[in-house]
Each structure stands twice: as structure tokens, then as C-alpha cells.
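# Breakdown of the fold
What follows is each chain in one-letter form.
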Amino acid sequence: MNLSERLRRLEERLGNRPQAGAFRLDNGEVFQVECDPISYLIQHGVETPRGRIVGLKRPTGATDPITESIYETIDQLIREPGE
């Protein structure tokens, strides 16, 4: 099972919980989305009307290991779209 399929299954299990996210674009801008970052990437990919997504804009402060793992998975999906 590839990364995209694993993320789709995770999204199905988590349900539709609205959680806004933000990405860094290749032009240095921050791109805000109204849904969670995983759902956005699954639905739209890494190309946006304002530029290509190059990373997740992470909240400041400490994170727990599970949250950090999710952030790393999102970063991997951005680096390797469609795999």
C-alpha cells in the first residue's frame, strides 16, 4: 500500500474533523487552507493557484511524538506526491 492510500485510510478513520492548516509555498508565501493538511493534499495535491507547496507550516512550540510523526508523514507526502 502506498503513502497516499495509507493517508486516505487514516482520513477515513479520523472522520471529518475541521482543522485549518497552512503550507509554505516555493515563493516563500504561506498558503492557508480551511481543512486539515492531509485532506487538502489528498484532494488537491501540491500545486496551488499561488505556487507549489514545499512544506507544512508547523505551529510553534513543543509537539508530542504522535503529532510529530503526522507532521513528518505530511512532509513526506509533499516531497513524494502520488507514491
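Notes on the structure in this doc start here. (Residues numbered from 1 in each chain as written. Predicted model: local features only at pLDDT ≥ 70, side-chain atom pairs only at ≥ 80, totals over all residues. Heavy atoms only, no water.)

### Topic: the pairing of strand β1 (residues 21-25)
Selection criterion: Relative accessibility under 20% of the residue-type maximum defines a buried residue, over 50% an exposed one, and the middle range a partly exposed one, all with a 1.4 Å probe and only protein chains included. Where helices and strands are cited, they refer to DSSP runs of H or I of at least four residues and of E of at least two residues respectively, numbered from the N terminus. The criterion for strand pairing is that DSSP finds at least two bridges linking the strands in question.
Of all the 5 residues making up β1, 4 are buried; the element is thus mostly covered by neighbouring parts of the structure. Where β1 and strand β2 (residues 30-33) come together, 4 bridges link them in antiparallel fashion. Along β2, the bridge assignment pairs R24 with V30. Connecting β1 to the next strand, β2, in antiparallel fashion are 4 residues, including G28 with a positive phi near 95°. With 3 bridges connecting them, β1 and strand β4 (residues 51-56) associate as antiparallel partners. Across the sheet, the residue bridging to R24 is G55, located in β4.

### A short note on helix α2 (residues 37-44)
The line we're drawing: Here a polar contact is taken to be a pair of N or O atoms separated by no more than 3.5 Å, where protein atoms must pair a possible hydrogen donor with a possible acceptor and residues adjacent in sequence count only if both atoms sit in side chains.
The complete set of buried residues in α2 reads P37, I38, S39, Y40 and L41. Between the side-chain oxygen at the start of α2 and the backbone nitrogen of I38 there is a gap of 3.2 Å, and the oxygen is on D36. In the segment just after α2, G45 is the residue with positive phi, at about 75°.

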